[in-house]
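Architecture and fold: a report
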Amino acid sequence: MPQTKPMVSIENVVASATVNQTINLNLITQIFPDVEYHPDQFPGLVFRLKAPKTATLIFSSGKMVCTGAKSEEQAIKAVRSVVQKLRKGGIPVENDPIIEIQNIVASASLGGKIHLELAARILPRSMYEPEQFPGLIHRMLDPKTVILLFASGKLVCTGAKKETEVYRAVTNLHTLLEEKNLMIYES
């Protein structure tokens with residue numbers, strides 16, 4: 001059993017969605033003056049929400065990408081809210097969005113320092129080149145995630161598609177680091 005409980009914070013949830021129909025982006029810009037749309041630079045329109053604080057890219061194909069949410073629930077709520085606002089503004093959106101979580105990025109603190117040099121030799125699927133990057137890159141198979149580990153005991157977990165996977169990945173790694181005596185706790 002690990003000596004400390006990791007503090008995990010979800011930083012960003014990315015969701016993709018589709019309404020399975022084309023959308024007139026120029027019409028959106030006429031109705032919603034706050035949106036960002038520069039088709040000469042990028043084909044997507046940026047629709048920002050204040051709550052939940054997110055940015056949703058909308059493409060003329062009816063596909064969307066929502067970023068900035070702090071939970072799966074917030075990401076889903078944001079996409080639904082954007083579609084609802086479009087409908088209220090008179091943009092014809094017949095279908096409800098089909099939403100899928102693509103990636104969750106979280107940060108965590110393990111409450112102790114990590115012996116990175118040793119960890120690089122012991123942990124499978126790990127890469128550590130301190131001259132290039134100060135963190136150890138660990139590829140976990142189950143749940144399929146990539147974790148950046150720092151000597152400070154802080155880490156970044158990316159690639160999870162469910163919040164539960166984030167917690168499982170961090171807990172699995174913390175337990176493994178403890179078992180291999182790679183954690184340093186200062187009393």
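Please read these numbers as outputs of a predicted model, since none were measured by experiment.

With that settled, consider the pairing of strand S6 (residues 98-109). For strand S1 (residues 7-18) and S6, the ladder comprises eleven bridges, and the chain directions are antiparallel. Residue pairing for S6: Ala 15 is matched across the bridge by Ile 101. Strand direction decides the pairing type here: S6 and strand S11 (residues 154-160), joined by five bridges, are antiparallel. For Ile 104, the partnering residue across the bridge sits in S11 and is Ala 160.

Quick look at the sheet that holds strand S8 (residues 126-127) now. Reading across the sheet, the ten strands line up as S2-S3-S4-S5-S1-S6-S11-S10-S9-S8 and stay open at both edges, with antiparallel pairing between neighbours. Edge positions in the open sheet fall to strand S2 (36-37) and S8, since each of these has one partner strand only.

Much of the literature gives interface size as the accessible area that the parts lose upon coming together. Along its sequence, the protein chain is organised into domain 1 (13-101) and domain 2 (102-182). Between the C-alpha centres of domain 1 and domain 2 there is a distance of 33 Å. Counting residues at the interface gives nine residues for domain 1, matched by six residues for domain 2. Interface area for domain 1 against domain 2, summed over the two sides, is near 620 Å², with a carbon-plus-sulfur share of 43%. The largest per-residue losses of area from domain 1 upon contact with domain 2 belong to Val 14, Glu 72 and Ile 101, which jointly make up 66% of the total buried on that side. Our enumeration of links across domain 1 and domain 2 arrives at zero salt bridges.

The subject of this paragraph is helix H4 (residues 163-179). Since the α-helix advances by 3.6 residues per turn, residues separated by three or four positions end up pointing in the same direction. When the terminal C-alpha atoms of H4 are compared, their 25 Å separation across 17 residues agrees well with the 24 Å that a helix rising 1.5 Å per residue should span. Among the residues making up H4, those that are buried are Glu 163, Val 166, Ala 169, Val 170, Leu 173, His 174, Leu 177 and Glu 178. What you see down the axis of H4 is that its buried residues fit within an arc of 160°, all on one side. Counted as exposed and oriented over 90 degrees from the buried face of H4: Thr 164 and Glu 179. Positive phi appears at Asn 181, one or two residues downstream of H4, with a value of about 55°.

The subject of this paragraph is the pattern of salt bridges. For the coordinates displayed, the defined rule picks out three salt bridges. Note that Glu 36 is salt-bridged to Arg 48, the shortest N-O span being 2.9 Å. Here the residue Glu 36 occupies a position in strand S2, and Arg 48 occupies one in strand S3 (residues 45-49), the gap between them amounting to twelve residues. Across the pair Arg 168 and Asp 142 runs a salt bridge whose closest N-O atoms are separated by 3.3 Å. Of this pair, Arg 168 sits in helix H4 while Asp 142 sits in the loop between strand S9 (136-140) and strand S10 (145-149), and the two are 26 residues apart along the sequence. You can call Arg 168 partly exposed: its relative accessible area is 36%.

Quick look at the side chain of Thr 18 now. Inspection of the secondary structure puts Thr 18 in strand S1. Here the side chain of Thr 18 touches Asn 20 through a polar contact of 3.0 Å, landing on its backbone nitrogen. Thr 18 has contacts with Gly 62, Lys 63, Asp 96, Pro 97 and Ile 98, leaving out every residue within four places of it along the chain.

Below, the discussion takes up the nonpolar core. With 21 residues, the main nonpolar core has Ile 23, Ile 28, Leu 45, Phe 47, Ile 58, Met 64 and Leu 86 as its most contacted residues. Among the elements that make up this core, the one with the highest residue count is helix H2 (residues 72-88) (five residues). Aside from chain neighbours lying at most four places away, what touches Ile 58 is Ile 23, Leu 25, Pro 43, Gly 44, Leu 45, Phe 47, Lys 63, Met 64, Val 82 and Leu 86.

Parameters and conventions
- Residues numbered from 1 in each chain as written.
- Predicted model: local features only at pLDDT ≥ 70, side-chain atom pairs only at ≥ 80, totals over all residues.
- Heavy atoms only, no water.
- Pairing = 2+ DSSP bridges.
- Helix = DSSP H or I, 4+ residues; strand = E, 2+ residues; numbered from the N terminus.
- Domains from an automatic or database assignment.
- Contact = heavy atoms within 4.5 Å.
- Buried area = accessible area lost by both parts, 1.4 Å probe.
- Salt bridge = Lys/Arg side-chain N within 4 Å of Asp/Glu carboxyl O.
- Expected span 1.5 Å × (residues − 1).
- Buried < 20%, exposed > 50% of the residue type's maximum accessible area, 1.4 Å probe, protein only.
- Arc of directions from axis to C-beta.
- Polar contact = N/O pair within 3.5 Å; in protein donor to acceptor, adjacent residues only side chain to side chain.
- Core = buried A, V, L, I, M, F, W, Y, C linked by side-chain atoms within 4.5 Å.

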